[in-house]
Amino acid sequence: MGQTLGELFRAFRTQRHISMKQAANGLNTATISRFERGQGDISLKIAGQLMFNIGMGVDDLGEMLGAQTQGFPNGLQEIIKGQRTALATKVDTFLQQQTCAEPLAALIRQIQPFLRLPETEDRHLPLTLEQTLADRLAYPSKWSNFELYLISSAVPFASHELTTLLWQRLTALTGQTLGYQRQALWRLALVALLHNDKPLYAQIAADMQRISPIPALQIHFNSVMPQFLAISAIAEHRDPAPILGALRRVGATQLAAFLDHSVQTAGAKHAWHNQVIEDHYDSALAIDPDAKLMFGPTLARLRKQRGLTVKDVIGDWSAAAQSRFENGKTTLGFHSTLTLMQRLLVPTSQMQAATDATSTFRRYRLKAYTMASNFQQAHYTRDDLVNLLEEFRRTTPNFPEGLRVMYQAGLTTAFHWAAPGALPDHDPLYADATPSEQKAIVDYFRSLTTLSSQDMELLNLNINRIDQTYYDELVTVVLARIKPQSNVAAQLFDNCDNFIYGAVYFHVDSVIPKLTAAFTHESWLLSWWPICEVTELQTLAQVYQHDTEATRQAAAQLIADTRTLCPFDNTANYSEHWLTAYRGQCRQQ
């Protein structure tokens, strides 16, 4: 029998050696105790405070729930490896749990046979199914795993009209909402390019030329930029060999093979037409980009977007309670809201793209970001930031010193990144950690058995504040507490070059063998970004230790490949600085 949600929270808390007193900071101890024993639910507000108190991030919540009940498969690994049948098997296993609303399960069962077909097979979707897909995929701002499944399984067999309609809807998104849908952009584009459809090729080429260079979205697009570049090459009938070659050299061989296959199969199928499809988009069901996800009116719109009734989605609460929740007159408990999201096939990861205050730190980080982004327009001053930090400090009276230091510094770092002119490098608020603060940070990590996604977020915000006194000790402690192939491990690999930057800057030579041993090209890494980070870490270690013609050539090739794969921002220039400024420095110590 699975654990209750409260029991999962208790296991997370005790694994991190957090007392009930600390967990209930600012809350009612009896309420938290009952929740942990599975004897009651808690409100969303209390859940956010509790997650903050025990150091749980949204990724931790999703991973924890996934160990109990499998979420809808992401499918990325199977799609890149060309294993459509394996993905279909995963989806069958998911359906056996009977956790999603029955009409959605029925649609999935109708789609499954298409997923088991080779995507190049000349088969057409039934017209009624095309209309259903047009309706279910009408609102791309909140697309997630379920919608990506529909795209990958069914759209290879879709008409010109349906495919064009979906592409136009997706590329009409703007701002951060478009950035959050980066996976959908490349997955939809590549299945669309399976058809020899000249008008659609031209539209995709024009849209990718417009979208790919948007400066404000590079933070989202960098991780999928090789896919974007390959799509542009295919749509414009250019040779993608430079992109594929660069991917292979940086170590992203799986992605290179997948994109090479996409090049070979592009235009393999004849386009077909559906003259009766209709666009039933309803602007009243659109969700504002700034809307909270775990909020009744938002989830009501998602329910209606999926064509579901109130009866389809209710759990152990009444239809009347659901209606009051959807009208914003009341709230559901935390467990009930998560159950509702499961019924709707909305993953918890969607909260990262919404404005839900899923923890006190996230709430204050959003405040700091908003303040920094509107610093001049709203006439904020440095004192406003100081007041915000003081307000936050009062929420952490019983926290370990190292955790408190990282939270405070994390907010100032987030503010600085959003508005460097408002908080320059020399400002005392942005100063390096003192020796006693650095020791407290190391002691905090040493006190843990495993790390959470919240810990990794704080570490990435604070690693540049640790100097040579505690650098080796911190890295050693952190590496020993990473669970392989976890969300935390993925976060660490995504930013692994940050660790070697500090090592070479402070000449902490003892830590370099530990880093090169810990970060290697792992088969479970599918995105090119962490793979390239590993390659840069390994190359910088070699250049730093041995300034030879061979290491210089390796560094020059990596810089050139990074520039090829990430042409619209300064990533390559940043890498070039580290790979040239510190070559041969190890021998001089």
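Residues numbered from 1 in each chain as written. Predicted model: local features only at pLDDT ≥ 70, side-chain atom pairs only at ≥ 80, totals over all residues. Heavy atoms only, no water.

*Asks:* Help me understand the overall build of the protein, please; the structure alone is not making it clear to me.
*Replies:* When helices and strands are tallied, the protein shows 34 helices and 2 strands. By the compact-globule yardstick of 25 Å for 589 residues, the protein fits well, its C-alpha radius of gyration being 25 Å. The buried share of the protein, reckoned over its 589 residues, is 54%. A separation of at least 24 residues holds for 74% of the contacts in the protein among residues at least 6 apart in sequence. Surface summary for the protein: the accessible area is close to 24,700 Å², and the carbon and sulfur share equals 51%. (Helix = DSSP H or I, 4+ residues; strand = E, 2+ residues; numbered from the N terminus. Rg over C-alpha atoms; globule rule 2.2 N^0.38 Å. Buried < 20%, exposed > 50% of the residue type's maximum accessible area, 1.4 Å probe, protein only. Contact = heavy atoms within 4.5 Å. Areas by Shrake-Rupley, 256 points an atom, 1.4 Å probe, with all protein chains shown as cover.)

*Asks:* Help me understand empty space enclosed by the protein, please; the structure alone is not making it clear to me.
*Replies:* Empty space among the atoms can be located by rolling a probe the size of a water molecule over them. Inspection of every chain in the model, using the stated rule, returns 2 cavities of 30 Å³ or more. Empty space within the largest cavity amounts to approximately 50 Å³. In this structure, the second largest cavity occupies an estimated 30 Å³ of space. Surrounding the second largest cavity, A158, S159, H160, T163, A192, H195, D197, L200, A271 and W272 form its lining. Partitioning the lining of the second largest cavity into residue classes produces 5 nonpolar, 4 polar and 1 charged. (1 Å grid on protein atoms, 1.4 Å probe; cavity = no way out; pocket = protein on both sides within 12 Å on 5 of 7 lines; lining within 4 Å. Points joined across faces, edges and corners; volume = space filled by probe spheres on them. Nonpolar A, V, L, I, M, F, W, Y, C, P; charged D, E, K, R; others polar.)

*Asks:* Is there a simple way to explain the packing of aromatic side chains in this structure?
*Replies:* Centre distance and the angle of the planes are the two values used to describe a pair of aromatic rings. Scanning the entire structure with this criterion turns up 27 aromatic pairs. Plain terms: the ring middles of F72 and F146 are 6.0 Å apart, the flat faces sit at 90 degrees to each other, and that makes the pair edge-to-face. Of this pair, F72 sits in the loop between helix 5 (58-68) and helix 6 (76-80) while F146 sits in helix 10 (residues 145-154); the two residues are 74 residues apart in sequence, bridging distant segments of the chain. Overall, F72 belongs to the buried group, its relative accessible area being 10%. Since its relative accessible area comes to 1%, F146 is described here as buried. (Phe/Tyr/Trp six-rings, centres within 6.5 Å; stacked < 30°, edge-to-face > 60°.)

*Asks:* Is there a simple way to think about the packing of helix 13 (residues 182-192) against helix 16 (residues 225-235) in this case?
*Replies:* Helix-helix packing is characterised by the crossing angle of the two axes and by the distance between the axes. In the contact formed by helix 13 and helix 16, the axes pass within 10 Å of each other and the chain directions differ by 30 degrees. Relative to helix 16, the element helix 13 lies roughly parallel. Here the hand of the crossing between helix 13 and helix 16 comes out left-handed. Contacts between helix 13 and helix 16 involve R182, L185, W186, A189 and L190 from the first element and Q227, F228, I231 and I234 from the second. Of the residues assigned to the contact of helix 13 with helix 16, the class counts are 7 nonpolar, 1 polar and 1 charged. (Axes fitted to C-alpha atoms, helices over the stretch in contact; angles between N-to-C directions. Parallel < 35°, antiparallel > 145°, perpendicular 65-115°, else oblique. Left-handed = near helix turned anticlockwise from the far one by under 90°.)

*Asks:* Honestly, the nonpolar core in this entry has me stumped. Any pointers?
*Replies:* Counting 193 residues, the largest nonpolar core has F9, L61, I204, F334 and F445 as the members making the most contacts within it. Here this core takes 10 residues from helix 32 (residues 528-545), the largest share from any one element. What F334 contacts, discounting residues up to four positions off in sequence, is L5, F9, F35, D41, I42, S43, L44, A47, M51, L61 and M294. (Core = buried A, V, L, I, M, F, W, Y, C linked by side-chain atoms within 4.5 Å.)

*Asks:* How do you make sense of the side chain of T412 when you look at a structure like this?
*Replies:* Examined against the element boundaries, T412 turns out to sit in helix 25 (residues 401-418). Looking at T412, the relative accessible area reads 3%, which means it is buried. Here the side chain of T412 touches A409 through a polar contact of 2.7 Å, landing on its backbone oxygen. Setting aside its immediate chain neighbours within four residues, T412 contacts L389, L423, L429 and Y430. (Polar contact = N/O pair within 3.5 Å; in protein donor to acceptor, adjacent residues only side chain to side chain.)

*Asks:* Would you mind showing me how to read the pattern of salt bridges here?
*Replies:* Once the charged atoms of two side chains with opposite charge are near each other, the side chains can pair. Throughout the structure, instances matching the rule amount to 25 salt bridges. The salt bridge involving E78 is made with K90; its shortest N-O contact spans 2.7 Å. Placement of E78 in helix 6 and of K90 in helix 7 (residues 84-96) is noted, with a sequence separation of 12 residues between them. Given a relative accessible area of 4%, E78 falls into the buried group. Residue classification places K90 among the partly exposed positions, given a relative accessible area of 39%. For R404, the salt bridge is made with E401, and the minimal N-O distance between the two is 2.5 Å. Taken together, the residues span about one helical turn, with R404 and E401 both in helix 25 at a distance of 3 residues. (Salt bridge = Lys/Arg side-chain N within 4 Å of Asp/Glu carboxyl O.)

*Asks:* Would you take a moment to explain unusual backbone geometry for this structure?
*Replies:* If a residue is not glycine, its phi is most likely negative; likewise, a peptide bond is most likely trans. One non-glycine residue, Q98, lies in the positive phi region at around 55 degrees. In this fold, Q98 is placed in the loop between helix 7 and helix 8 (102-115). Among the residues examined, Q98 registers a relative accessible area of 69% and is labelled exposed.

*Asks:* What exactly am I supposed to notice about the environment of A192 here?
*Replies:* Among the structural elements, A192 can be located in helix 13. Taking the C-alpha atoms as reference, A192 lies 12 Å from S153; in sequence the two are 39 residues apart. If near-sequence neighbours (up to four positions away) are discounted, A192 is found in contact with T163, L200 and I204.

*Asks:* Whenever I open this one, the environment of F114 confuses me. Can you help?
*Replies:* As for its placement among the helices and strands, F114 is situated in helix 8. Take F114: its relative accessible area is 10%, and that puts it in the buried class. Not counting the four nearest positions on each side in its chain, F114 is found in contact with R84, R123, H124, L125, P126, L129, S153 and F157.

*Asks:* What is the right way to read the environment of F258 from this model?
*Replies:* Looking at where F258 falls in the secondary structure, it is placed in helix 18 (residues 253-265). Assessed through its relative accessible area of 10%, F258 is described here as buried. Considered as a pair, F258 and L385 are 127 residues apart in the sequence and their alpha carbons are 47 Å apart. When residues no more than four places from it in sequence are discounted, the contact partners of F258 are I79, I80, W186 and L190.

*Asks:* Mind showing me how you'd approach helix 21 (residues 319-326) here?
*Replies:* Buried within helix 21 we find A321, Q322, F325 and E326. The buried side chains of helix 21 occupy one side of the element, clustering within an arc of 135 degrees when seen end-on. Positive phi appears at G328, one or two residues downstream of helix 21, with a value of about 75 degrees. (Arc of directions from axis to C-beta.)

*Asks:* What exactly am I supposed to notice about the side chain of N462 here?
*Replies:* Checked against the element boundaries, N462 lands in helix 27 (residues 453-462). Among the residues examined, N462 registers a relative accessible area of 1% and is labelled buried. Beyond its immediate sequence surroundings of up to four residues, N462 is in contact with V405, M406, A409 and G410.

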